[in-house]
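Structural features, examined
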There are 2 protein chains.
Amino acid sequence: MRYALGVDIGGTSIKCSFVSESGEMVSRFSFGVNRKAPQNAIFDELVEAIENKLPFFGKDFVGIGVGCPGGINPEKGTCDYATNLGWKDFPIAPMLEKHFEKPCFIENDANAALLGEIYFGVAKNYKNVVFLTLGTGVGSGLYLNGHIFSGNEGKGAELGHTSIELNGRLCGCGRRGCLECYASASALTKDAAWAMAHHPESKMWDYCKTPERMNGAIVFEAEKQGDETAKEVVREYISYLGEGCLNFCNAFRPEAIILGGGVARQGEYLRSKVQDYLDRNRYGLLRVNPPKTKVLISALGSDAGIYGAAALCFEGLKQGQR
Amino acid sequence: MRYALGVDIGGTSIKCSFVSESGEMVSRFSFGVNRKAPQNAIFDELVEAIENKLPFFGKDFVGIGVGCPGGINPEKGTCDYATNLGWKDFPIAPMLEKHFEKPCFIENDANAALLGEIYFGVAKNYKNVVFLTLGTGVGSGLYLNGHIFSGNEGKGAELGHTSIELNGRLCGCGRRGCLECYASASALTKDAAWAMAHHPESKMWDYCKTPERMNGAIVFEAEKQGDETAKEVVREYISYLGEGCLNFCNAFRPEAIILGGGVARQGEYLRSKVQDYLDRNRYGLLRVNPPKTKVLISALGSDAGIYGAAALCFEGLKQGQR
């Protein structure tokens, strides 16, 4: 059995594991990231953590895959920038390759997580998949014609920054109406807090004493209990997310859209509502029989990053990129 | 020099030519399509037209490429439906292949036109390109990672049916807010006619006696003459088209967006306005140096379809698809 080392770099921690081709995780480890440390210090820490683990793992491994936030150049193996980490022009893959004398592959974190779902998760053997993470923002990955799609200069797709409303909500990116401002967990929480504040009769008051303590789980729970205010918030949320997904259906004609991130913890309850929205509204429904896009919930959750990083290595070796 | 036969099927006519690998058109011909005729009768007419032309062409050709409206399955070589032509489950490529004993390739018309621009037109050697035709509707083609992207079931991208406004204008497809309702030539004409009707002082009255005679060229002409009403209509049109293009920039990270169709006859005047809109608003502008997407105007115009059909044949042979 062949193993790859998956390295999932996040804003607060780096999670690693050796992963077999059949998806078995061995010798998992992680450590916190000091955002104020220079990037080379973090690299040294990563190398040391890996070397400390090697005797316990006790086997050979075929290479390393890295999922990293920010702007990644998969061909050069560099992290061109990662705003949250303060990284810039960081040739992390070539440096790992040189140190361990193993091939190393890097992709942006969302694309890596998507590859995890395709190798080991909910979308095995799919060829055209859109991946959305509904968290603080709306992250995205694209798998088209059986390959990760990195776009021009490898900067990845920013589906969370496609606009669904002219002159809509102001986004942190400077644009108005971005999907992220409507379909992220943060947006859902803000909308629910606002609705709660204006509806003293809402059951959401029983779940949290002040609107500031609102979260996505609360509004879904209150909605299931039949609270009218929560029902309206969820209905609106589904229509926002649904409109975004419909745009991606018509643009990419994917076989599946995978939902991950905090809101996706609602699982089948969320999935069936979004699926229903797509089925009722997809392009060409009235005249022809359009391709149906399945809505799926991420199967790997917060482990998608590690699995995906390892998958990236297996995939890169298969395609002979190193 | 190798030649391919390009066949561009449209709603009113079928245009054909032999095209050399260097982009020379030889023995061009076309004929009207009787929409009421059964599809097999049209096929017989096409075969006869080609056979009549062969003695005049007098050379061998390597194969046939077909650009066709509607839902195309490039793998099977079928037109699954073409609403405007009344076609259904039409195996046009295998039928041509059998008759002429030459390989035949088929794609939807917008994808074929895009391939024409990549082989012979404005986007030579580009790898990631979005093509939009601004006509009666907004048609689209996608070229990603150096290949035509046909999507799931080969139904092609419908970028004109991505929504830019929640609960926006009602589209013929059943959805609301579709880009087509804002950025097509028809939408521009309607918006200009409405503005003219409400502004008796507008110079547009000098160009057409009634709002019903409005067209896209008139509003641009009046705008260039400094007419305030026309300026507002064009400003709004550019923001609609710009928002759509920005969505495609953030979703596909293309090197270029090519504009074709009626509105694109405005050429550099239109191009520079859209380019400026993208340059000022593209994602990540404030924090990082995002990839820049070039706006280009179709170089082949209404011939893109024939060129593209021939290119489809050269491309298919290169990739060994037949």
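Anyway, here's the lowdown on the structure attached to this text.

1. Structural notes on the pattern of salt bridges
Residue and element names in this part refer to chain B. Summed over all chains, the structure comprises 28 salt bridges over all chains. Between R271 and E268 there is a salt bridge, with its nearest N and O atoms 2.8 Å apart. Residue R271 and its partner E268 are both found in helix α9 (residues 268-281); the two are separated by three residues, about one turn of the helix. For K318, the salt bridge identified is with E315, shortest N-O distance 3.6 Å. Remark: E315 and K318 occur in helix α10 (residues 304-318); sequence separation between them is three residues, near one turn of the helix. For K318, a relative accessible area of 64% corresponds to the exposed category. The exposure class assigned to E315 is buried, which follows from its relative accessible area of 10%.

2. Observations regarding the relation of the copies chain A and chain B
Turning chain A through 180° and shifting it by 0.0 Å along the axis lays it on chain B, with an RMSD of 0.0 Å. One copy is carried onto the other by what is essentially a two-fold rotation axis. Considering only C-alpha atoms, the part of chain A nearest the rotation axis is E165(A), at 2.1 Å. An overlap of 100% is found between the interface residues of chain A and their copies at the interface of chain B, pointing to a shared contact surface.

3. As for the packing of aromatic side chains
With the rule as written, the count across this model stands at 17 aromatic pairs over all chains. Aromatic pair F220(A) and Y269(A): ring centres 6.2 Å apart, planes at 80°, arrangement edge-to-face. Taken together, the residues F220(A) in helix α7 (residues 216-224) and Y269(A) in helix α9 (residues 267-281) connect sequence positions 49 residues apart. Among the residues examined, F220(A) registers a relative accessible area of 1% and is labelled buried. Classification of Y269(A) by relative accessible area gives partly exposed; the value is 27%. When the ring of W87(B) is compared with that of F90(B), the centres are 4.9 Å apart and the planes differ by 85°; the resulting orientation is edge-to-face. Judged by its relative accessible area of 1%, F90(B) falls in the buried class.

4. Description of the sheet that holds strand β7 (residues 87-90) of chain B
Residue and element names in this part refer to chain B. In space, the three strands of this open sheet follow the order β5-β6-β7, with antiparallel pairing throughout. Each edge of the open sheet carries a strand with a single partner, namely β5 (71-73) and β7. On average, adjacent strands in this sheet sit at an angle of 15° to one another, irrespective of strand direction.

5. Structural notes on the packing of helix α3 (residues 109-120) of chain B against α10(B)
All names here are of chain B. Close contact between α3 and α10 brings their axes to 7 Å; oriented N to C, the two are set at 75°. For the element pair α3 / α10, the angle class is roughly perpendicular. Between α3 and α10, the contacting residues are A112, A113, L115, G116, E117, Y119 and F120 on the first element and A304, G305, Y307, G308, A309, A311, L312, F314, E315 and K318 on the second. Here the residues of the contact of α3 with α10 sort into eleven nonpolar, three polar and three charged.

6. Brief notes about the packing of helix α1 (residues 39-57) of chain A against helix α2 (residues 92-100) of chain A
Relative placement of two packed helices is described by the angle separating their axes and the distance separating the axes. Residue and element names in this part refer to chain A. Two elements in contact, α1 and α2, have axes whose closest approach is 12 Å; the angle formed by their N-to-C orientations is 40°. The angle between α1 and α2 falls in the class oblique. α2 is crossed by α1, and the crossing has right-handed handedness. Contact residues: α1 offers N40, F43, L46, V47, I50, E51 and L54, while α2 offers I92, M95, L96, H99 and F100. In terms of residue class, the contact of α1 with α2 is made up of nine nonpolar, two polar and one charged.

7. So, the nonpolar core
Within soluble globular proteins, side chains that are nonpolar tend to cluster in buried spots. Judged by nonpolar contacts, the single largest core of 108 residues is most densely connected at L132(A), L259(A), L270(A), L132(B), L259(B) and L270(B). Beyond its immediate sequence surroundings of up to four residues, L259(B) is in contact with L132(B), L134(B), L241(B), A264(B), L270(B), V274(B), V295(B), L296(B), I297(B) and S298(B).

8. Comments concerning helix α3 (residues 109-120) of chain A
Two residues of an α-helix separated by three or four positions point the same way, owing to the 3.6 residues in each turn. All names here are of chain A. For α3, spanning twelve residues, the distance from its first C-alpha to its last is 16 Å, which sits close to the expected 16 Å at 1.5 Å a residue. For α3, the tally of buried residues reaches ten of twelve residues, placing the bulk of the element in the interior. Buried within α3 are the following residues: A110, N111, A112, A113, L114, L115, G116, E117, I118 and F120. One side-chain oxygen of the residue at the start of α3 lies 3.0 Å from the amide nitrogen of A110, identifying that residue as N108.

9. Digging into the interface of chain A and chain B
Each side of the interface is counted separately: chain A has 43 residues, and chain B has 44 residues. For the chain A and chain B pair, buried surface summed over both sides reaches about 3900 Å², with 56% attributable to carbon and sulfur atoms. Between the two partners, chain A and chain B, sit four salt bridges. Salt-bridge contacts for E158(A) lead to R253(B); the nearest nitrogen and oxygen are separated by 4.0 Å. Linking chain A with chain B are twelve residue pairs in polar contact (both at pLDDT 80 or more). For the side of chain A that touches chain B, the secondary structure elements donating two or more residues are β10 (138-144) and α8 (228-252) of chain A. At seven residues, the largest contribution of residues to the side of chain A that touches chain B is made by α8(A). Considering only residue class, the side of chain A that touches chain B consists of 20 nonpolar, twelve polar and eleven charged.

10. Examining the state of the cysteines
In protein structure, a disulfide is the covalent linkage between the sulfur atoms of two cysteines. Residue and element names in this part refer to chain B. In this structure the tally under the stated criterion is zero disulfides over all chains. The thiol of C79 is not disulfide-bonded; the next cysteine sulfur, from C68, is found 4.0 Å away. A residue is classified by how much of its surface remains accessible, and C79, at 0% relative accessible area, is buried. With no disulfide of its own, C245 lies closest to C249 among cysteine sulfurs, the gap being 6.7 Å.

Criteria and thresholds
Residues numbered from 1 in each chain as written. Chains lettered and ligands numbered in written order. Predicted model: local features only at pLDDT ≥ 70, side-chain atom pairs only at ≥ 80, totals over all residues. Heavy atoms only, no water. Salt bridge = Lys/Arg side-chain N within 4 Å of Asp/Glu carboxyl O. Helix = DSSP H or I, 4+ residues; strand = E, 2+ residues; numbered from the N terminus. Buried < 20%, exposed > 50% of the residue type's maximum accessible area, 1.4 Å probe, protein only. Least-squares fit on C-alpha atoms with pLDDT ≥ 70 in both. Contact = heavy atoms within 4.5 Å. Phe/Tyr/Trp six-rings, centres within 6.5 Å; stacked < 30°, edge-to-face > 60°. Pairing = 2+ DSSP bridges. Axes fitted to C-alpha atoms, helices over the stretch in contact; angles between N-to-C directions. Parallel < 35°, antiparallel > 145°, perpendicular 65-115°, else oblique. Nonpolar A, V, L, I, M, F, W, Y, C, P; charged D, E, K, R; others polar. Left-handed = near helix turned anticlockwise from the far one by under 90°. Core = buried A, V, L, I, M, F, W, Y, C linked by side-chain atoms within 4.5 Å. Expected span 1.5 Å × (residues − 1). Polar contact = N/O pair within 3.5 Å; in protein donor to acceptor, adjacent residues only side chain to side chain. Buried area = accessible area lost by both parts, 1.4 Å probe. Disulfide = S-S within 2.5 Å.

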